[in-house]
Amino acid sequence: MIKIAILGYGTIGSGVVEVLHTNSESIAKRAGDEIEVKYILDLRDFPGDPMEDKVIHDYDVIAEDPEIQVVVEAMGGVEPAYTFVKRALLAGKNVTTSNKALVAKHGAELIAIAKEQSINFLFEASVGGGIPIIRPLNSSLTADEIEEITGILNGTTNYMLSKMTFEGLEFDDVLKDAQSRGYAEADPTADVEGYDACRKIAILTSLVCGQQVDFEDIYTEGITKITADDIKYAKAMGKVIKLLATSKKTEEGYYAMVAPFLLSPQHPLYSVNDVFNAIFVHGNVLGDAMFYGSGAGKLPTASAVVADIVDIAKHLHKNILISWSSRKMDLVAKRKAESRFFVRTTEGQMQAKEVFGEVELIQVPGIDGEIGFLTGIMTEEAFEEKAEKIHVIQRIRVV
């Protein structure tokens with residue numbers, strides 16, 4: 001019997017208990033042993049809950065119990081999660097977590113400790129919820145040089161942009177709707193400003209390049225400035241607007257970015273709507289691959305956590321190699337990245353051509369006093385220099 005402890009009995013922690021209970025027989029068969037929850041650490045009590053007698057309030061009980069072989073971190077945030085996880089690893093206990101903030105900031109260090117201890121620190125659920133992506137990158141795609149990872153990595157913003165697209169609503173209206181449905185927090189900043197997606201692409205890029213990519217170094221732009229008029233222009237072009245987190249390998253190194261992009265129907269992420277997530281991967285041998293599914297939610301995320309528990313059970317006292325060192329990767333400067341740009345301006349067509357050269361004019365009936373146009377491919381630096389010469393209402397990158 002493998003005895004585990006769960007830190008935090010909120011959405012994810014209770015979901016892990018539910019998954020373990022619902023699929024107990026098949027999980028035991030795949031793990032090669034039964035899995036039992038011995039402790040649940042939480043500040044609260046849960047009177048009447050089936051797991052009420054498992055709830056404790058003192059982490060020392062878990063850290064000092066030699067029977068605990070696996071710790072499931074489901075608290076969220078960096079502290080005290082980092083302190084608890086590090087202590088568990090140093091005590092020889094395996095850890096799995098869904099905590100993207102923890103993994104993005106301390107992943108390399110915790111992986112190194114696990115390796116020294118011949119145990120495992122796994123984090124499949126930290127990116128993409130229930131979508132398997134960490135394990136494929138670490139095992140299934142190791143024959144490839146991964147040249148691009150681009151994903152819709154935040155269900156809240158994807159739901160909001162889908163709602164704006166299909167119903168023509170403004171940002172503030174869809175935000176209220178998302179909050180009323182529980183898709184967005186009371187403070188939605190991490191989602192709508194792109195910070196959540198930024199941490200996830202930092203984790204994926206670190207795994208691909210094998211070095212530490214600091215999320216603070218990634219240019220990040222959210223969806224708060226996207227308007228119903230932008231959606232009208234997108235429809236006129238036969239495109240959709242999606243918040244993408246992208247990482248690409250160039251001759252100069254890796255660059256990463258989080259920002260709204262205009263996608264054409266030929267792009268594999270074009271049809272990913274509602275709260276769903278998807279991750280597009282391009283390898284130099286594999287070519288294109290796509291991972292699609294529920295990017296968040298209680299049971300999808302818990303399913304990925306339990307998959308890590310099973311993997312740990314199958315590798316007790318044997319470290320699963322994860323190539324992610326603490327050596328910092330310096331990203332290629334954003335100014336060197338290239339794309340087309342969609343621009344809205346109060347200037348005339350002649351002025352736009354004078355500044356940007358040949359442009360493709362986009363007309364939308366009912367929007368007066370401005371024009372929209374598509375530029376040719378240029379660097380971010382070149383665009384910024386040109387944009388200073390005219391009044392730009394909006395600019396969105398185009399894939």
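To continue, consider the overall build of the protein chain. Helix and strand counts for the protein chain stand at 14 helices and 17 strands. For the protein chain, the C-alpha radius of gyration of 23 Å lies close to 21 Å, the compact-globule estimate for 399 residues. Along the first, second and third principal axes, the C-alpha set of the protein chain runs to 75 × 45 × 35 Å. For the protein chain, the residues scored as buried account for 55% of the 399 residues in total.

With that out of the way, let us pick up the sheet that holds strand S1 (residues 2-7). Backbone hydrogen bonds are what pair the strands of a sheet, in a parallel or an antiparallel way. Judged by pairing direction, the sheet is parallel, and its six strands sit side by side in the order S3-S2-S1-S4-S5-S6 without closing on themselves. Each having just a single partner strand, strand S3 (55-56) and strand S6 (121-122) make up the two edges of the open sheet. Here S1 pairs with strand S2 (residues 35-41) via six bridges, running parallel. Residue pairing across strands places Ile-6 opposite Ile-40, the latter belonging to S2. Sheet strands touched by helix H1 (residues 11-22): S1, S2 and strand S4 (68-73). Its angle to S1, the strand with the most contacts, is close to 155°. Running at roughly 160° to strand S5 (residues 94-97), helix H12 (residues 298-314) makes contact with S1, S2, S4, S5 and S6 of the sheet.

Take the packing of aromatic side chains next. Using the criterion set out here, one finds ten aromatic pairs in the structure. Ring geometry for Tyr-59 and Phe-84: centres 4.1 Å apart, planes at 10°, overall stacked. One end of the pair, Tyr-59, is in helix H3 (residues 59-63); the other, Phe-84, is in helix H4 (residues 81-90), with 25 residues separating them in the sequence. Here Tyr-59 matches Phe-84 in class, with each residue buried. Directly above the aromatic system of Phe-215 lies the positively charged group of Arg-199, at a separation of 4.1 Å from the ring centroid. Residue placement shows Lys-334 over the ring face of Tyr-219; its charged tip is 4.5 Å from the ring centre.

Looking now at the packing of H1 against H12. Interhelical geometry of H1 versus H12 gives an angle of 65° and a closest axis separation of 8 Å. Here H12 runs roughly perpendicular to H1, going by the angle between their axes. Judged by the sense of rotation from one axis to the other, the crossing of H1 with H12 is right-handed. Contacts between H1 and H12 involve Thr-11, Ile-12, Ser-14, Gly-15, Val-16, Glu-18, Val-19 and Leu-20 from the former and Lys-298, Leu-299, Thr-301, Ala-302, Ser-303, Val-305, Val-306 and Ile-309 from the latter. Looking at the contact of H1 with H12 residue by residue, the class counts come to nine nonpolar, five polar and two charged.

Quick look at the pairing of strand S15 (residues 371-374) now. Here S15 shows a buried face lined by Ile-371 and Phe-373 and a second buried face lined by Gly-372 and Leu-374. Here strand S14 (residues 360-362) pairs with S15 via three bridges, running antiparallel. Within S15, the position partnered with Leu-361 by the bridge is Phe-373.

Scanning the model with the defined rule gives 29 salt bridges in all. Where Arg-344 meets Glu-370, a salt bridge forms, and the shortest distance between an N and an O atom there is 2.7 Å. Of this pair, Arg-344 sits in strand S13 (residues 338-345) while Glu-370 sits in the loop between S14 and S15; the two residues are 26 residues apart in sequence, bridging distant segments of the chain. Comparing Arg-344 with Glu-370, the two get one shared label, buried. What emerges from the salt-bridge pattern is a single network uniting Glu-221, Lys-334, Glu-380, Glu-384, Arg-395 and Arg-397.

Further remarks concern the environment of Gln-266. Looking at the secondary structure, you find Gln-266 in the loop between strand S10 (253-263) and strand S11 (276-283). In this structure the C-alpha to C-alpha distance between Gln-266 and Thr-165, which are 101 residues apart in sequence, comes to 18 Å.

Attention now goes to the environment of Ala-178. Take Ala-178: it is sitting in helix H8 (residues 171-180). Judged by its relative accessible area of 0%, Ala-178 is buried. A sequence separation of 76 residues divides Ala-178 from Tyr-254, and the C-alpha atoms of the two residues are 34 Å apart. Those residues within four positions of Ala-178 in sequence are excluded, and the remaining contacts are Tyr-159, Met-160, Tyr-183 and Ala-184.

Rules used in this analysis
Residues numbered from 1 in each chain as written. Predicted model: local features only at pLDDT ≥ 70, side-chain atom pairs only at ≥ 80, totals over all residues. Heavy atoms only, no water. Helix = DSSP H or I, 4+ residues; strand = E, 2+ residues; numbered from the N terminus. Rg over C-alpha atoms; globule rule 2.2 N^0.38 Å. Buried < 20%, exposed > 50% of the residue type's maximum accessible area, 1.4 Å probe, protein only. Pairing = 2+ DSSP bridges. Contact = heavy atoms within 4.5 Å. Axes fitted to C-alpha atoms, helices over the stretch in contact; angles between N-to-C directions. Phe/Tyr/Trp six-rings, centres within 6.5 Å; stacked < 30°, edge-to-face > 60°. Lys NZ or Arg CZ within 6 Å of the ring centre and 35° of its normal. Parallel < 35°, antiparallel > 145°, perpendicular 65-115°, else oblique. Left-handed = near helix turned anticlockwise from the far one by under 90°. Nonpolar A, V, L, I, M, F, W, Y, C, P; charged D, E, K, R; others polar. Salt bridge = Lys/Arg side-chain N within 4 Å of Asp/Glu carboxyl O.

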